[in-house]
Amino acid sequence: MPPSEAEHELVICMGSSCFARGNSRAVETAREFLRTRHLEDCVHLTGTLCQDRCRQGPNLTFDGECHCEVEPSKLTGLLEDLLDDLTPGSR
Ligand code: FES
């Protein structure tokens, strides 16, 4: 569960394999995505150590569901899929 009052939690793997395969940039991309859509208060963004799924990386978890092979070029599209319903005025 999210540790703050946020309704949702986005966890980006910062283990060395995922970090090297694109998650080094994912935090900033996700932070900017949440900021521009005014979602910072409802989505808690955090990082984690290796989750032992390195072969499927880069990985992230949204509300406990793992998303694998999230290359940097795919991240914004995935965030749109996951968060568009939460974005004010998106529908
Ligand atoms: S470094 Fe991300 S699962 Fe191992």
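Reading guide: rules and limits
- Residues numbered from 1 in each chain as written.
- Predicted model: local features only at pLDDT ≥ 70, side-chain atom pairs only at ≥ 80, totals over all residues.
- Pairing = 2+ DSSP bridges.
- Helix = DSSP H or I, 4+ residues; strand = E, 2+ residues; numbered from the N terminus.
- Axes fitted to C-alpha atoms, helices over the stretch in contact; angles between N-to-C directions.
- Contact = placed C-beta atoms within 7 Å.
- Core = buried A, V, L, I, M, F, W, Y, C linked by C-beta atoms within 7 Å.
- Buried ≥ 20, exposed ≤ 12 C-beta atoms within 10 Å, placed from the backbone.
- Right-handed = clockwise from strand over helix to strand, strands pointing away.

What follows covers the sheet that holds strand E4 (residues 65–67). The strand order across the open sheet built from four strands is E2-E1-E3-E4, with neighbouring strands paired in mixed fashion. Of all the strands in the sheet, just strand E2 (43–48) and E4 have a single pairing partner and so form its edges. Adjacent strand axes in the sheet meet at a mean angle of 25° when their direction is disregarded. Against the sheet, helix H1 (residues 16–36) makes contact with strand E1 (8–13), E2 and strand E3 (60–62), and its axis sits at roughly 150° relative to E1, the strand it touches most.

Quick look at the environment of Leu-39 now. Tracing the sequence through the fold places Leu-39 in the loop between H1 and E2. Residues Leu-39 and Glu-9, spaced 30 residues apart in sequence, show a C-alpha to C-alpha distance of 11 Å.

Let's shift gears to the nonpolar core. Within the largest apolar cluster, 14 residues are counted, with the highest numbers of intra-cluster contacts made by Leu-10, Ile-12, Ala-26, Ala-30, Val-43 and Leu-60. Looking at this core, the element that brings in the most residues is H1, giving four residues. Apart from the residues lying within four places of it in its own chain, the contact partners of Val-43 are Ala-6, His-8, Leu-10, Leu-34 and Leu-83.

That bond from Gly-57 to Pro-58 is cis: its omega, 0°, falls within 30 degrees of zero. Inspection of the secondary structure assignment puts Pro-58 in the loop between E2 and E3. Within the chain, Asp-52 stands out as a residue other than glycine whose phi angle is a positive 60°. By the element assignment, Asp-52 lies in the loop between E2 and E3. The exposure class assigned to Asp-52 is exposed, which follows from the 8 C-beta atoms found within 10 Å.

What follows is about the pairing of E1. When E1 meets E2, the two strands line up parallel, connected through six bridges. Looking at the pairing, His-8 lines up with Val-43 of E2. You can see the chain leave E1, run along H1 and come back into E2, and the turn it takes is right-handed. Both E1 and E3 contribute to a ladder of three bridges, which runs antiparallel. Residue pairing for E3: Ile-12 is matched across the bridge by Leu-60.

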